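# Descriptive analysis of the structure
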Amino acid sequence: MAQSVRTKNASYRPGHVVVTGGGSGVGAAIAQAVASAGDRVTIMGRRKEPLVEQGLPYQICDVTDEAAVRQAFAAARAKQGRVTAVIANAGAAHSAPFDKLTALDMADMLAVNVTGVFNVWQAALAEMKEAGHGRLISVASTAGLKGYPYVAGYVAAKHGVVGLTRALALELARTGITVNAICPGFIDTPLLEKSIQNITQSTGKTAEEAHAILQRASPQNRFVQVEEVAAAALYLMSDAAGSVNGHTLSLSGGDV
Ligand code: NAP
């Protein structure tokens with residue numbers, strides 16, 4: 001039985017990869033890397049403009065809306081064939097001291113960062129099970145592995161994604177589907193720019209000083225590059241990573 005799963009994985013190539021949040025930052029880098037590797041890719045996000053800018057097939061979709069996600073996957077499947085890998089990358093970070101964090105902020109963090117992952121993985125699971133192989137990957141964060149101040153909702157949500165990843169990996173371990181999380185430290189993307197703005201507004205520090213503070217979170221004293229996250233995603237989708245399952249791949253220069 002185990003041998004037959006290995007045999008199936010040996011011939012597996014990711015054929016149609018869905019990347020959520022593929023219009024910007026990490027998601028765009030992953031989508032472009034997948035396309036350069038010769039695979040079909042569908043990017044998803046809420047805003048049309050950044051999706052169009054990538055020059056790749058796209059579906060407009062809010063990952064927190066289960067029905068919209070199912071519809072987007074059906075349309076993507078109809079255009080480019082069955083989905084073989086899902087990179088659940090769409091996410092958002094809200095910064096505030098805990099006593100200023102509202103219940104709505106908290107719900108928003110859980111909706112996009114946890115339920116969003118749940119929705120997109122569920123939308124592709126049946127076809128992956130039927131095929132006997134598949135790759136489910138979340139872009140979590142080092143905030144899924146350790147705490148950070150002033151982002152309690154984000155940290156709680158990213159810990160949730162890591163839990164979801166680990167649990168599903170065990171549940172699907174004999175199906176030929178692997179489930180893994182990538183956990184980057186700070187990356188220079190539009191999302192990071194919001195954190196920089198928050199620091200400058202709440203502390204009076206300059207943007208350069210705020211950059212330096214965040215960079216120092218890495219023992220390497222630098223930001224993670226989006227290309228490094230894309231390379232990790234390609235590895236996790238490869239045949240070579242067939243036995244990597246339930247893993248949280250830290251890209252943080254040794255921070256965690
Ligand atoms: P980004 O450029 O802001 O990307 C976030 C993407 O998610 C956007 O394209 C956004 O597009 C999409 N998105 C947000 N809410 C969505 C929703 N409800 N439905 C569908 N799409 C949605 O930031 P990024 O840094 O590349 O973030 C990508 C992932 O990396 C996130 O999960 C983030 O938590 C994680 N991460 C980032 C860092 C960092 O320092 N930047 C570090 C560790 C982990 P629309 O707004 O058009 O929907």
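Bear in mind that the values here come from a model prediction, so they are computed numbers and not experimental data.

### Concerning the packing of aromatic side chains
All told, the structure shown has one aromatic pair when counted by the stated rule. Between the aromatic rings of Tyr 148 and Phe 186, the centroid separation amounts to 5.9 Å while the plane-to-plane angle is 65 degrees, which identifies the pairing as edge-to-face. On the criterion of sequence distance, the pair formed by Tyr 148 in the loop between strand S5 (134-139) and helix H6 (152-171) and Phe 186 in the loop between strand S6 (177-184) and helix H7 (190-203) is long-range, its members being 38 residues apart.

### Some remarks on empty space enclosed by the protein
In total, this model carries one cavity of 30 Å³ or more according to the counting rule given. What the largest cavity holds in volume is close to 60 Å³. For the largest cavity, the full set of lining residues is Thr 142, Tyr 148, Gly 185, Phe 186, Leu 214, Gln 215, Ala 217, Ser 218, Arg 222, Val 224, Ser 252 and Asp 255. For the lining of the largest cavity, a count of residues per class yields five nonpolar, five polar and two charged.

### Quick look at the packing of helix H5 (residues 103-131) against H6
Any two packed helices are characterised by how steeply their axes cross, that is the angle between the axes, and by the distance between the axes. Between H5 and H6, whose axes approach to 8 Å, the crossing angle comes to 20 degrees. As the angle between them shows, H5 and H6 are arranged roughly parallel. The handedness of the crossing between H5 and H6 comes out as right-handed. Mapping the contact onto sequence places Met 106, Met 109, Leu 110, Asn 113, Val 114, Val 117, Phe 118 and Trp 121 in H5 and Gly 153, Tyr 154, Ala 156, Ala 157, Lys 158, Gly 160, Val 161, Leu 164, Thr 165 and Leu 168 in H6.

### What about the confidence of the model for the chain?
Low-confidence regions, as indicated by low pLDDT, have predicted coordinates that should not be scrutinised in detail. Residue-level pLDDT values for the chain average 93, and 95% of them are 70 or greater. By mean pLDDT, helix H1 (residues 2-10) is the weakest element of the chain at 41, and strand S3 (residues 58-60) is the strongest at 99. Note that residues 1-12 has pLDDT below 50 and, in this model, 15 contacts with residues that lie over four places away or in other chains.

### As for the packing of helix H4 (residues 66-80) against H5
Viewed as axis vectors pointing N to C, H4 and H5 meet at an angle of 45 degrees, and their least axial separation amounts to 9 Å. In this view, H4 runs oblique relative to H5, as classed from their interaxial angle. Between H4 and H5 lies a crossing whose hand is right-handed. Where H4 approaches H5, its residues Glu 66, Val 69, Arg 70, Phe 73 and Arg 77 are matched on the opposing element by Asn 119, Val 120, Gln 122, Ala 123, Ala 124 and Glu 127. Residue composition of the contact of H4 with H5, grouped by class: five nonpolar, two polar and four charged.

### Focus: unusual backbone geometry
Within the chain, Tyr 150 stands out as a residue other than glycine whose phi angle is a positive 70 degrees. Looking at the secondary structure, you find Tyr 150 in the loop between S5 and H6.

### A word on the side chain of Ser 252
Considering the arrangement of structural elements, one finds Ser 252 in the segment after strand S7 (248-251). Setting aside anything within four residues of it in sequence, one finds Ser 252 in contact with Thr 142, Gly 185, Ser 218 and Pro 219.

Cut-off values and rules
Residues numbered from 1 in each chain as written. Predicted model: local features only at pLDDT ≥ 70, side-chain atom pairs only at ≥ 80, totals over all residues. Heavy atoms only, no water. Phe/Tyr/Trp six-rings, centres within 6.5 Å; stacked < 30°, edge-to-face > 60°. Helix = DSSP H or I, 4+ residues; strand = E, 2+ residues; numbered from the N terminus. 1 Å grid on protein atoms, 1.4 Å probe; cavity = no way out; pocket = protein on both sides within 12 Å on 5 of 7 lines; lining within 4 Å. Points joined across faces, edges and corners; volume = space filled by probe spheres on them. Nonpolar A, V, L, I, M, F, W, Y, C, P; charged D, E, K, R; others polar. Axes fitted to C-alpha atoms, helices over the stretch in contact; angles between N-to-C directions. Parallel < 35°, antiparallel > 145°, perpendicular 65-115°, else oblique. Left-handed = near helix turned anticlockwise from the far one by under 90°. Contact = heavy atoms within 4.5 Å. pLDDT = per-residue confidence, 0-100.

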